[in-house]
Amino acid sequence: DVANALAISPDGNTLAIGTGANTQKLLIWKWQEAGEPREIKVPERGAEILCFSPDGNWLAEGGRIGDSIRIWRVADGKLMSKLVPSEVEHFRPSAAVFTPDGKTLLTSFRSNTDSCIHLWDMPTGKHLARYADGPASMSISPNGKLLLGRGRGGFRVWELAPWKELSNNDTGHNEHALQVEIRGKRVISADYTTIRIWDAETCKECFRLSHEGRWVGAIAVSPDGSRL
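Criteria and thresholds
Residues numbered from 1 in each chain as written. Predicted model: local features only at pLDDT ≥ 70, side-chain atom pairs only at ≥ 80, totals over all residues. Heavy atoms only, no water. Helix = DSSP H or I, 4+ residues; strand = E, 2+ residues; numbered from the N terminus. Buried < 20%, exposed > 50% of the residue type's maximum accessible area, 1.4 Å probe, protein only. Contact = heavy atoms within 4.5 Å. Areas by Shrake-Rupley, 256 points an atom, 1.4 Å probe, with all protein chains shown as cover. Salt bridge = Lys/Arg side-chain N within 4 Å of Asp/Glu carboxyl O. Pairing = 2+ DSSP bridges.

Okay, the overall build of the protein chain next. What the protein chain contains, in helices and strands, is 0 helices and 20 strands. Put simply, the protein chain has 228 residues, and 43% of those count as buried. Within the protein chain, contacts between residues separated by at least 24 positions form 30% of all contacts whose residues are at least 6 apart in sequence. For the protein chain, the accessible area works out to roughly 12900 Å², and carbon and sulfur atoms hold 51% of it.

Here is the structure:
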């Protein structure tokens, strides 16, 4: 079977594996010991998101087509809680990460146009907070104070308490760069929504052009760089 998701416990002794053409199985494997992996029954298209708690006792699991993140007890595969946000009809899970002390789980839920972060008390599963405009994937600093995430095409950093974005990708493309032109000391690049002009020597953004929400299809620059 194809392994679609992997997670390794903090002590390095246990692997969680989401496997199958559409991720039909969740396997727990003491991979450094003799023996076969054991299976935890999950819903169809589950086990696409996997994350161990810092002590290795809990496993957060979910599917990107679904409405929840499930918490499993690793020792016996018992389902401890099912975390379902109130707006599940519009959002689907995309990532999960525990704080270093294991007391809080952060989950990212996304729709086609929006995203949000939910905080849950562990292991009770009590909902603590919701923050809009969260990242699609997440990593927490070792001191538990900062969250690094990928969203809107770039990396962003948040302070967890109080929740506040410290930096974002304001001087970079929010989408994949579709086209790049070089004219002398200027680099002109375009994504779906903006055109940006850069200083080729300092790599700093000089200015940007916006099409007020309309997509940028293509760009062409005159040979002397004076017209776009």
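Before going further, it helps to spend a moment on unusual backbone geometry. Each neighbour pair has its own omega, and for Met122 with Pro123 the value is 5°, a cis peptide bond. Residue Pro162 follows Ala161 across a cis peptide bond; omega there is -5°. Mapped onto the elements, Pro162 comes out in the loop between β15 (154-159) and β16 (164-167). Positive phi, normally seen in glycine, also occurs at Ala47, with a value near 60°. For Ala47, a relative accessible area of 0% gives the class buried.

All right, on to the pattern of salt bridges then. Here the structure, examined in full by the defined rule, presents 8 salt bridges. A salt bridge links Arg70 to Glu61, with the nearest nitrogen and oxygen atoms 2.7 Å apart. Across the pair, exposure class does not vary: Arg70 and Glu61 are buried alike. Residues Glu205 and Arg196 are paired through a salt bridge, measuring 3.0 Å at the closest nitrogen-oxygen approach.

A word on the pairing of strand β7 (residues 69-73). Burial runs high along β7: 4 of the 5 residues are buried. Counted between consecutive antiparallel strands, the loop separating strand β6 (residues 58-62) from β7 contains 6 residues. Across 5 bridges, β7 lies against strand β8 (residues 78-83) in antiparallel orientation. Looking at the pairing, Ile71 lines up with Ser81 of β8. Between β7 and β8, which pair antiparallel one after the other, the connecting turn spans 4 residues, and Gly77 there sits at a positive phi close to 75°.

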